[in-house]
Amino acid sequence: MSDLFTPLTLRGTEIPNRVMVSPMCQYSCRPDGLATDWHLVHLGSRAVGGAGIVMSEAAAVEPRGRISPNDLGIWSRAHADALAPITGFVRSQGSVPAIQLAHAGRKASTYPPADGYGPVHGDDGWTPLGPTDEPWPHDEPLATEALDQAGIEGVIDAFREAAEFAHAAGFEIAEVHGAHGYLLHEFYSPVTNAREDDYGGDFDGRTRLVREVTAAVREVWPDEKPVFVRLSATDWLPDRDAWTIDDTVRLAGDLAEVGVDLIDVSAGGIHPDQQLPDTGSHYQTPLAEAVREANDVAVGAVGKITTPEGADEVIRNGRADLAIVGREHLRDPYFALHAADALDRMDDAHVPVQYRRGF
């Protein structure tokens, strides 16, 4: 029986334990999307803290794909060079460095949360892209450009090139961000995709872009290294024609066929009218469980996993293959080491020699 400190092997990559740092935007790059000392300390501390996978925040595959002007980017060699010392340090601590490749779509050009979240108008902002020209419903929405065929091909190329830069930076895992109302989710959800061409209409049309982007990333990512995809398993819009867990189960199987090794199962974000359930502990884990039961692909569970015992339960009971921990890692960079201590598994933890007298 696997537990939180059982290694996980995906392709040729051995992950020392089942704790993953969830990608969390830091809004600390301006104006060029280059990683800074903040990213070295932020991601490096979680590696020192024992997490099996340390995943970067969403890294935009092109400037227009940033959520805010302060977002991390991975669209040039300069971005790769800025990230390389970070991946080297993460690896030196026994953790696996991972990156989330992202495009914000119609949710782009917004202020960071600390500055109010609203759309950035004027010279500091830019025109968001989407499946249609319907904008994200801000109080003062930004004009949005519907992607044409050339634009779609440009997005696919941008993800492919970003994956090449990410590999050059030393990342071991690439995750395609297909969740939370950003571009790829906007295409596969019927809430936001009213297209009538090959990238709209039925399930196959609406999911075409996420499948083609993922195939492009897999094409250039080394065979021995894993590719993940984060999906929103439901739009949380029960009263509308929206994306559901049944759709996600089907898409997960399609993605496995193009070489995806793990589905990172999140939810929501497509529209502000979403109706969230009781967001108590592990509220999204049943979604991950449903994907895992129906498909021969590994899954990660995320959402209010906050205790060592809870994370261990997710793995021990076969509900998911990874416990993806977000905000708790902001509160406690050493979550994995504290979990090993709480679960009496310190013999299986990687404690830096400099810190061993503290454990």
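My aim in this report is to walk through the structure given alongside it, one point at a time. (Residues numbered from 1 in each chain as written. Predicted model: local features only at pLDDT ≥ 70, side-chain atom pairs only at ≥ 80, totals over all residues. Heavy atoms only, no water.)

**Some points on the side chain of S56**
One can find S56 in strand β4 (residues 53–60). Sequence-distant contacts of S56, defined by excluding residues within four places in its chain, comprise P23, L43, L72, A98, I99 and Q100. (Helix = DSSP H or I, 4+ residues; strand = E, 2+ residues; numbered from the N terminus. Contact = heavy atoms within 4.5 Å.)

**Quick look at the pattern of salt bridges**
Applying the stated rule across the entire model yields 20 salt bridges. For E62, the salt bridge goes to R64, with nearest N and O atoms at 3.0 Å. For E62, a relative accessible area of 12% corresponds to the buried category. For R64, a relative accessible area of 36% corresponds to the partly exposed category. Notably, a salt bridge pairs R77 with D81, separated by 3.1 Å at the nearest N-O pair. Of this pair, R77 and D81 are both found in helix α2 (residues 77–92), 4 residues apart, which corresponds to roughly one turn of the helix. A single network of salt bridges, built from pairs that share partners, joins D3, D312, R316, R345 and D348. (Salt bridge = Lys/Arg side-chain N within 4 Å of Asp/Glu carboxyl O. Buried < 20%, exposed > 50% of the residue type's maximum accessible area, 1.4 Å probe, protein only.)

**Here's the deal with the sheet that holds β4**
As summarised here, the arrangement of the 8 strands in space is β3-β4-β5-β8-β9-β10-β11-β12, forming a closed barrel in which the pairing is parallel. Mean inter-strand twist for the sheet, computed between neighbouring axes without regard to direction, equals 25°. Bridge count for strand β3 (residues 19–21) against β4 is 2 bridges, and the pairing is parallel. Across the sheet, M20 pairs through a bridge with I53, a residue of β4. (Pairing = 2+ DSSP bridges. Axes fitted to C-alpha atoms, helices over the stretch in contact; angles between N-to-C directions.)

**Observations concerning unusual backbone geometry**
The omega torsion across R30 and P31 is 5°, close enough to zero to call that bond cis. Phi at R11 takes a positive value of approximately 55°, unusual for a residue other than glycine. Using a relative accessible area of 37% as the deciding quantity, one classes R11 as partly exposed. We note that K304 has phi near 60°; this positive angle belongs to a residue other than glycine. Relative to the assigned elements, K304 resides in the loop between β11 (298–302) and α9 (308–316).

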